[in-house]
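# Report on the structure
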Amino acid sequence: MSHTETAQIVAENFFSKDESALKKHTTSEGYASLVTVQNMLPDSDKEIEVEILDEAIEGEIAWVKYKTSYDGKTGIFKLVKENDQWKVTSKGAREKGPF
């Protein structure tokens, strides 16, 4: 699965609150970070659409900028390769991506 496909699955499952799917496509740090934020969101039964806006790969790290129909805001995922699979991870406090 590509880094953009992984980012799309994570964004969709984040808003639908499918924690088992999130766990499958994130590192342990990324999962913990996403679930913390997810618990602050109100439940939604809307179908969430995800649009990939930009992407960049720097060696074993990928960045994906996306927008969702949930709130129309953009977000950025940092992905790393873990066991030959792209997984969303948490971004360092001062870490800057390519966009």
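First things first, this report covers the structure right here in the doc.

Let us look at the overall build of the chain. Along its length, the chain carries 3 helices and 4 strands. Going from the N terminus to the C terminus, the chain shows its helices and strands as α-α-α-β-β-β-β. For 99 residues, the compact-globule estimate of 2.2 N^0.38 gives 13 Å, and the chain sits close to it at 13 Å. The C-alpha extent of the chain, read off along each of the three principal axes, is 35 × 30 × 25 Å.

The subject of this paragraph is the sheet that holds strand β3 (residues 74-82). Across the sheet, 4 strands lie side by side as β1-β2-β3-β4; this open sheet has antiparallel pairing. The sheet is open, and its two borders are formed by β1 (50-58) and β4 (85-89), each paired with just one other strand. Averaged over all adjacent pairs, the angle separating strand axes in this sheet is 30 degrees, with direction ignored. On top of the sheet, helix α1 (residues 3-16) reaches β1, β2 (61-68), β3 and β4; it is set at about 135 degrees to β1, its chief contact.

With that settled, the discussion passes to the pairing of β1. Both β1 and β2 contribute to a ladder of 8 bridges, which runs antiparallel. Of the residues in β2, the one forming a bridge with Asp54 is Lys65. Here β1 hands over to β2 after 2 residues, with Gly59 in that stretch at a positive phi of 70 degrees.

Looking at the element boundaries, Thr89 is found in strand β4. Under the relative-accessibility criterion, Thr89 is labelled buried at 14%. The sequence separation of Thr89 and Leu79 amounts to 10 residues, and the corresponding C-alpha distance is 5.5 Å. Those residues in contact with Thr89 that lie beyond four places of it in its chain are Thr27, Glu29, Gly30, Lys78 and Val80. A polar contact of 2.9 Å, which involves the side chain of Thr89, links it to the side chain of Thr27.

One non-glycine residue, Lys17, adopts positive backbone phi at about 60 degrees. Phi is positive for Asn83, close to 55 degrees, though the residue is something other than glycine. In this structure Asn83 comes out as exposed when scored by relative accessible area, which is 73%.

What follows deals with the side chain of His3. Position of His3 relative to the elements: it lies in helix α1. Once you skip the residues sitting within four places of it in the chain, His3 turns out to touch Glu55, Ile57, Ala62, Val64, Leu79 and Trp86.

Rules used throughout
Sequence positions are assigned chain by chain, starting from 1 and proceeding in written order. Side-chain atom pairs in this predicted model are given and counted only at pLDDT of 80 or more, local residue features only at pLDDT of at least 70, and totals for whole chains, interfaces and linings cover all residues. Side-chain descriptors were evaluated using all non-hydrogen atoms of the structure, hydrogens and water having been removed beforehand. The secondary structure listing takes helices from DSSP runs of H or I that are at least 4 residues long and strands from runs of E that are at least 2 residues long, numbered from the N terminus. The globule rule is 2.2 Å times the number of residues to the power 0.38, and the radius of gyration it is compared with is taken over C-alpha atoms. Should DSSP find at least two bridges between two strands, the strands are taken to pair. Axis definition: a line fitted to C-alpha atoms, limited for helices to the stretch in contact. Angles are taken between N-to-C directions and run from 0 to 180 degrees. Any two residues whose heavy atoms approach within 4.5 Å at even a single point are treated as in contact. Only protein chains enter the accessibility calculation, which uses a 1.4 Å probe; a residue is then buried when its area is under 20% of its type maximum, exposed when over 50%, and partly exposed in between. Here a polar contact is recorded for every N or O atom pair within 3.5 Å, except that within protein the pair must consist of a potential hydrogen donor and a potential acceptor, and residues adjacent in sequence are included only if both atoms are side-chain atoms.

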